[in-house]
Amino acid sequence: MQGGATPNPTVTHSTGTTINLTSLSSAANNTALIAQLNQTLMHGSLPSDASNIILSAANSVAASSTDPLAAARAATYLILTSAQYQVER
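Residues numbered from 1 in each chain as written. Predicted model: local features only at pLDDT ≥ 70, side-chain atom pairs only at ≥ 80, totals over all residues. Heavy atoms only, no water.

J.: Hey, could you go over the overall build of the chain for me, with residue numbers and the actual values?
T.: Within the chain, the regular secondary structure consists of 4 helices and 0 strands. Helices and strands appear in the chain in the N-to-C order α-α-α-α. Expressed as lengths along the three principal axes of its C-alpha atoms, the size of the chain is roughly 45 × 35 × 20 Å. Out of the 89 residues in the chain, the part that is buried amounts to 26%. Taking the intrachain contacts of the chain between residues at least 6 apart in sequence as the baseline, contacts between residues at least 24 apart amount to 49%. For the chain, the exposed surface amounts to about 6000 Å²; the carbon and sulfur share of it is 54%. (Helix = DSSP H or I, 4+ residues; strand = E, 2+ residues; numbered from the N terminus. Buried < 20%, exposed > 50% of the residue type's maximum accessible area, 1.4 Å probe, protein only. Contact = heavy atoms within 4.5 Å. Areas by Shrake-Rupley, 256 points an atom, 1.4 Å probe, with all protein chains shown as cover.)

J.: Outline unusual backbone geometry, listing residues and values.
T.: A positive phi angle, close to 65 degrees, is found at His-13, a residue other than glycine. The class of His-13 is exposed, set by a relative accessible area of 76%. A positive phi angle, near 55 degrees, is found at His-43, a position not held by glycine.

J.: With reference to specific residues and values, describe the nonpolar core.
T.: Counting residues in each nonpolar core, the largest one holds 16 residues, and the members touching the most others are Leu-33, Leu-46 and Ala-75. Once residues within four sequence positions are removed from consideration, Leu-33 is found in contact with Leu-24, Ala-27, Ala-71, Ala-72 and Ala-75. (Core = buried A, V, L, I, M, F, W, Y, C linked by side-chain atoms within 4.5 Å.)

J.: Give a description of helix H1 (residues 30–42) that names residues and reports values.
T.: End to end, H1 covers 17 Å across 13 residues, agreeing with the expected 18 Å (1.5 Å per residue, within 8%). Of the positions making up H1, those classed as buried are Asn-30, Leu-33, Ile-34, Leu-37, Asn-38 and Met-42. End-on, the buried residues of H1 take up no more than an arc of 135 degrees, which puts them together on one face. Facing away from the buried side of H1, by more than 90 degrees, are the exposed residues Gln-39 and Thr-40. Contacts made by the buried residues of H1 are with helix H2 (48–63), helix H3 (70–80) and helix H4 (83–86). Measuring from the backbone nitrogen of Thr-31 back to the side-chain oxygen at the start of H1 gives 3.0 Å, which picks out Asn-29 as the cap. His-43 occupies a position one or two residues after H1 and carries a positive phi of about 55 degrees. (Expected span 1.5 Å × (residues − 1). Arc of directions from axis to C-beta. Polar contact = N/O pair within 3.5 Å; in protein donor to acceptor, adjacent residues only side chain to side chain.)

J.: Give a detailed account of H2, specifying residues and quantitative values.
T.: With 16 residues, H2 ought to run about 22 Å at 1.5 Å a step, and its terminal C-alpha atoms sit 22 Å apart, in line with that. Residues of H2 that are buried include every one of Ala-50, Ser-51, Ile-54, Leu-55 and Ala-58, and no others. End-on view of H2: buried residues confined to an arc of 135 degrees, all on one side of the axis. Summarising the geometry of H2, the exposed residues directed more than 90 degrees from the buried face are Asp-49, Asn-52, Ile-53 and Ala-63. Packing partners of the buried residues in H2 comprise H1, H3 and H4.

Here's what the structure looks like:
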């Protein structure tokens, strides 16, 4: 949520960890963003009630931020930490 982890100078060849979300900034709106994430991360299996909750959160975050990726960051986080995503199939 906060931009990833920076490289650790005490660890040889440490590169840090980040997720590039800039491709998600092209979504026309947050509904399209959630649909794109659903297809990419969940293969279209995200339940509609979960999708609605994530959409509400993404809209709230977008309304209170000037960061163009804030909604994408929040929606991605919520999907990746959801029980539906975590279940091994």
